Structures are given as C-alpha cells and as structure tokens.
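# An overview of the molecular structure
Listed here are the chains, written in short residue letters.
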Amino acid sequence: MTSGGRMQDAGPTDAVGFEAHDHAQCMDSAIAAADAICAEDGLRFTPVRRRTLEILLQEHRALGAYDVLDRLRAEGFGSQPPVAYRALDFLVANGLAHKIERLNAFIACAHPGAEHSPAFLICRICDSVAEAQSAPVGRVLKDAAKSAGFQVERTVVEAEGVCPACAEKAEA
C-alpha cells in the first residue's frame, strides 16, 4: 500500500515478471520511483535500503531475508539479521516491495507509487514471481465479507502454477 497523494487505482492489468523486457530499464525506473516516493514522503532512502531494493530488483524472483542478508554482508553492509529485516520492512511499509507469504520471501513492487491490489503468480518449478492486478477478486471478497458482517483488513492473493518459461521447457 502507498500513502495518500500518489496515483489512485492505477489498475495495472498485465502480470509483470514473466515476459521478456528491458531489465536494466525496469530496474532504473523502479529505483527512480523509489527515490521520488522517498523524497515526496520525507523518507530516508539509506544506502542499505537502496541496495536491498536493488537486490530484490535483480531477478523477478522472491528472495528470503537471509538471501538478502547474505548479499548485503558480502558487500559490507552488515552481518546481523536486523540489517536485512529493517530494510525489507521499510520497503514493504512504503509500497516498494511485497512479502510473498507462501514463500516467506520478498519481491520488489512492479508498480511502485501506484495504489493497487497485487496478486502474485508463483511458479512452483523455478520460484519466479509475477505481479498481477487482483482488484476484481478483492472486490468480490470484500462484498462476500461485508454480507457476512466481516471487515477485511488485509488480503493477500497468491496463485501457484507454472510460468511460461517452465511450461515451454516441459513441452519440449
């Protein structure tokens, strides 16, 4: 989730993460968006937070906190788990990353700065993750909850299956 004044209901509909794209441009635009969000909200985008986001952006694959910590440690950013957890918590709290509950791992947000309801498509073979829009599912769930007198506070939509690359390999 993002804070108030940014783009409302951007409505990204295509899954981001499986298709071929200019990954350098993808990373550059995500870092630029993070810089802008932090500047706009008066947040400190420290070197360890920036590097943590860069690590998450390197692959469209969820990484566990200890994977991130290992990479940070190798680059001299510290070796204690709180280093990674604090950076990841900051990124998630400010809409720059998401936690993938099924994998207990993190992925960079594909739509930073946009208010959106992500759904995560997780490949059971290679653990790659794509981020898609779940707004229609969320509306149906909220309507069902409302009719039951239940108030939804948080929804996580995760689907497990096979990504296009792994499906293609299996067919070959």
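Here is a short report on the structure shown in this document. Because the structure is predicted, anything quoted here is derived from the model rather than measured. (Residues numbered from 1 in each chain as written. Predicted model: local features only at pLDDT ≥ 70, side-chain atom pairs only at ≥ 80, totals over all residues. Heavy atoms only, no water.)

## A closer look at the overall build of the chain
As a reminder of what qualifies: A run of H or I in DSSP becomes a helix once it reaches four residues, and a run of E becomes a strand once it reaches two; helices and strands are each numbered from the N terminus. Only protein chains enter the area calculation, which uses a 1.4 Å probe; residues under 20% of their type maximum are buried, those over 50% are exposed, and those in between are partly exposed. We call two residues in contact whenever any of their non-hydrogen atoms come within 4.5 Å of each other. Note on areas: Shrake-Rupley with a 1.4 Å probe; residue coverage comes only from the protein chains shown.
Secondary structure assignment for the chain yields six helices and five strands. In the chain, the succession of α and β elements from N to C terminus is α-α-α-α-β-β-β-β-α-β-α. The buried share of the chain, taken over its 172 residues, is 37%. Across the chain, contacts joining residues at least 24 apart in sequence account for 58% of those joining residues at least 6 apart. Approximately 9,600 Å² of the chain is accessible, and the part contributed by carbon and sulfur atoms is 53%.

## Things to note about the state of the cysteines
Disulfides are covalent bonds that link the sulfur atoms of two cysteine residues. Selection criterion: We call a pair of cysteine sulfur atoms a disulfide whenever their separation is within 2.5 Å.
Under the counting rule described, the total for this entry stands at zero disulfides. The cysteine C163 is free of any disulfide, with C166 supplying the nearest cysteine sulfur at 3.6 Å. Classification of C163 by relative accessible area gives buried; the value is 3%. Judged by its relative accessible area of 8%, C166 is buried.

## Focus: the nonpolar core
Stated formally: By nonpolar core is meant a set of buried Ala, Val, Leu, Ile, Met, Phe, Trp, Tyr and Cys residues that side-chain atoms within 4.5 Å join together.
Formed by 24 residues in total, the largest nonpolar core has its most connected members in F45, L53, L56, L57, V68, L91 and L96. Only helix 1 (23–41), helix 2 (47–57), helix 3 (65–74), helix 4 (81–93) and strand 2 (105–108) provide two or more residues apiece to this core. A per-element tally of this core places helix 1 first, with six residues. Counting seven residues, the second largest nonpolar core, distinct from the first, contains I100, A105, I107 and F120.

## Concerning the pattern of salt bridges
Our working rule: Whenever a carboxyl oxygen of Asp or Glu lies within 4 Å of a side-chain nitrogen of Lys or Arg, that contact is scored as a salt bridge.
Inspection of the entire model under this criterion finds five salt bridges. Between R50 and D35 there is a salt bridge, and its shortest N-O distance comes to 2.4 Å. Here D35 lies in helix 1 and R50 lies in helix 2, a separation of 15 residues in the sequence. A residue is classified by how much of its surface remains accessible, and D35, at 31% relative accessible area, is partly exposed. Among the ionic pairs, E54 bridges to R51, the shortest N-O distance being 3.2 Å. Here E54 and its partner R51 are both found in helix 2, three residues apart, which amounts to about one turn of the helix. Here E54 falls in the partly exposed class, since its relative accessible area comes to 23%.

## Section: the side chain of R51
What counts here: Pairing of N or O atoms within 3.5 Å defines a polar contact, subject to two protein rules: one partner must be a possible hydrogen donor and the other a possible acceptor, and residues neighboring in sequence count only if both atoms are side-chain atoms.
Residue classification places R51 among the buried residues on the basis of a relative accessible area of 15%. Here the side chain of R51 touches E75 through a polar contact of 2.6 Å, side chain to side chain. The residues touching R51, leaving out its near neighbours within four places in the chain, are Q58, L72, E75 and F77.

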